[in-house]
Amino acid sequence: MRAVRFENAGNADVIELGEEPIPQVRPHDLLVRVRAAGLNRADILQRQGFYGKHPDFGDSAIPGLEIAGEVVGVGIAETGFLNGDRVMAIVGGGAHSEYARVDSRMAMAVPDRLSFVEAAAIPEVFVTAHEALIHLGKLTSNGWALIHAAAGGVGSAAVMLAHALGAKTIFTASGQDRIERVGELGGTVGVDYRKHDFLDVALDATDRRGVDVVVDFIGGPY
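Each value, and the rule that gives it
- Positions within a chain are numbered from 1, following the residues in the order the chain's sequence is written.
- Only residues with pLDDT of 70 or above have their local features reported here, since the model is predicted, and side-chain atom pairs are shown and tallied only from 80 upward, although totals for entire chains, interfaces and linings are computed over all residues.
- Side-chain numbers come from the whole structure's heavy atoms, not from hydrogens or water.
- Numbering of helices and strands runs from the N terminus, with a helix taken as a DSSP run of H or I at least four residues long and a strand as a DSSP run of E at least two residues long.
- A helix is expected to span 1.5 Å for every residue after the first.
- Throughout this description, buried means an accessible area under 20% of the type-specific maximum (1.4 Å probe, protein chains only), exposed means over 50%, and partly exposed covers the range between.
- Note on pairing: DSSP must find at least two bridges between two strands before they are called paired.
- Lines fitted to the C-alpha atoms define the axes, with helices restricted to the stretch that makes contact. Angles between their N-to-C directions range from 0 to 180 degrees.
- pLDDT is a per-residue confidence score from the predictor, ranging from 0 to 100.
- A 1.4 Å probe that fits but cannot get out identifies a cavity on a 1 Å grid over protein atoms alone, an open set with protein on both sides within 12 Å along at least five of seven lines counts as a pocket, and a residue lines either if it has an atom within 4 Å of a point.
- Grid points are joined across faces, edges and corners, and a volume is the space filled by probe spheres set on the points.
- Each residue gets one of three labels, nonpolar for Ala, Val, Leu, Ile, Met, Phe, Trp, Tyr, Cys and Pro, charged for Asp, Glu, Lys and Arg, and polar for the others, Gly among them.
- To define a nonpolar core, start from buried Ala, Val, Leu, Ile, Met, Phe, Trp, Tyr and Cys residues and group those joined through side-chain atoms within 4.5 Å.
- Here a residue-residue contact requires only that any non-hydrogen atoms of the pair lie within 4.5 Å.

Engineer: Can you help me understand helix 3 (residues 122-136) in this one?
Structural biologist: Owing to its 3.6 residues per turn, the α-helix brings residues three or four apart onto one side. With 15 residues, helix 3 extends just 18 Å between its outermost C-alpha atoms, more than 12% less than the 21 Å of an ideal straight helix rising 1.5 Å per residue. Of all the residues in helix 3, the buried ones are Pro123, Val125, Ala129 and Leu133. Remark: lysine 138 follows helix 3 within two positions and exhibits a positive phi of approximately 60°.

Engineer: It is not clear to me how the sheet that holds strand 10 (residues 189-192) should be interpreted in this structure. Could you clarify?
Structural biologist: The pairing of strands in a sheet comes from backbone hydrogen bonds and takes either a parallel or an antiparallel form. Overall, parallel pairing links the 4 strands, which are arranged 10-9-8-11 in an open sheet. Looking along the sheet, the strands with just one partner apiece sit at the ends: strand 10 and strand 11 (213-215). Taken over all neighbouring pairs, the strand axes of this sheet differ in orientation by 15° on average, direction set aside. Where strand 8 (residues 144-147) lies against strand 9 (residues 168-173), 4 bridges are found, and the strand directions are parallel.

Engineer: What is the right way to read the confidence of the model for the protein chain from this model?
Structural biologist: Close inspection of predicted coordinates is inappropriate for parts of the model with low pLDDT. Summing up the model confidence of the protein chain, the mean pLDDT is 93 and the portion of residues at 70 or higher is 97%. When pLDDT is averaged over each element of the protein chain, strand 8 comes out on top at 98 and helix 1 (residues 41-47) at the bottom at 88.

Engineer: How do you make sense of the layout of surface pockets when you look at a structure like this?
Structural biologist: A probe matching the size of a water molecule, rolled over the atoms, marks out where space remains unfilled. Of the voids in this model, the largest pocket is the one considered here, and its volume is about 310 Å³. Along the walls of the largest pocket sit 14 residues, with Asn40, Arg41, Gly152, Gly153 and Val154 positioned nearest its centre. Elements represented by at least two residues in the lining of the largest pocket include exactly helix 1, helix 3 and helix 4 (153-165). In the lining of the largest pocket, the residues fall into 7 nonpolar, 5 polar and 2 charged.

Engineer: Please clarify how the nonpolar core should be interpreted in this entry.
Structural biologist: Here is a general trend for soluble globular proteins: nonpolar side chains tend to be buried in one another's company. Among the nonpolar cores identified, the biggest contains 20 residues, and Leu133, Leu139 and Ile147 are the most heavily contacted of them. Counting only elements with at least two residues in this core, the list comes to helix 3, strand 8, helix 4, strand 9, helix 5 (176-184) and strand 11. Ranked by residues supplied to this core, first place goes to helix 4 with 6 residues. If sequence neighbours within four positions are ignored, leucine 139 has contacts with Leu133, Ile134, Trp144, Ala145, Ala162, Leu165, Ala167 and Val213.

Engineer: Could you clarify how one ought to interpret the environment of aspartate 192 in this entry?
Structural biologist: Tracing the backbone shows aspartate 192 in strand 10. Classification of aspartate 192 as buried rests on a relative accessible area of 5%. Taking C-alpha positions, aspartate 192 is 38 Å from valine 34, a pair spaced 158 residues apart along the chain. Those residues in contact with aspartate 192, other than ones at most four positions away along the chain, are Ala173, Ser174, Gly175 and Ile179.

Rendered as structure tokens:
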């Protein structure tokens with residue numbers, strides 16, 4: 001099968017398209033014909049050498065963490081999926097290839113209304129955003145969330161989920177063009193963190209009450 005590989009860490013020019021063996025299916029695995037794959041910040045960091053090398057981490061030296069495609073092989077212990085099923089999934093590496101091995105417990109059926117391209121954007125960013133914002137953060141339809149790095153993958157997914165829930169958001173991004181794009185996704189109040197203090201904006205927007213949930217990708221300085 002064709003797959004993306006790189007022998008040494010570096011810029012995008014280290015990426016090559018090569019031939020790799022099709023993964024062997026374990027008892028709880030699915031073999032998926034990849035129709036679309038996500039490209040996440042983690043994949044770029046792996047290419048730059050920040051994740052070490054297989055087998056130090058992950059399930060495959062091939063990059064890529066999320067896929068959508070068709071099941072073409074089923075492990076002997078798997079009973080929930082059949083050949084031909086449309087699935088989307090998180091994988092431990094290996095998404096950027098023609099075929100990927102998936103732990104079936106990390107796979108989800110693709111709704112009929114979604115294309116493979118749309119489905120491939122869900123497992124990593126939207127599941128992460130939902131976990132932080134709704135499952136752990138308990139955001140409700142009348143709540144406020146402060147979402148940092150809102151122009152990124154998980155941040156923009158969090159904005160869209162909050163909007164779909166009926167909640168309001170203060171979101172941070174750099175530059176007016178990014179703020180406008182996130183606003184089009186449903187963000188309520190945008191803050192260019194290079195020019196304004198997001199704390200002041202959040203307090204003003206909520207009549208000094210403050211927000212109910214903070215989704216923070218920045219860490220220490222914030």
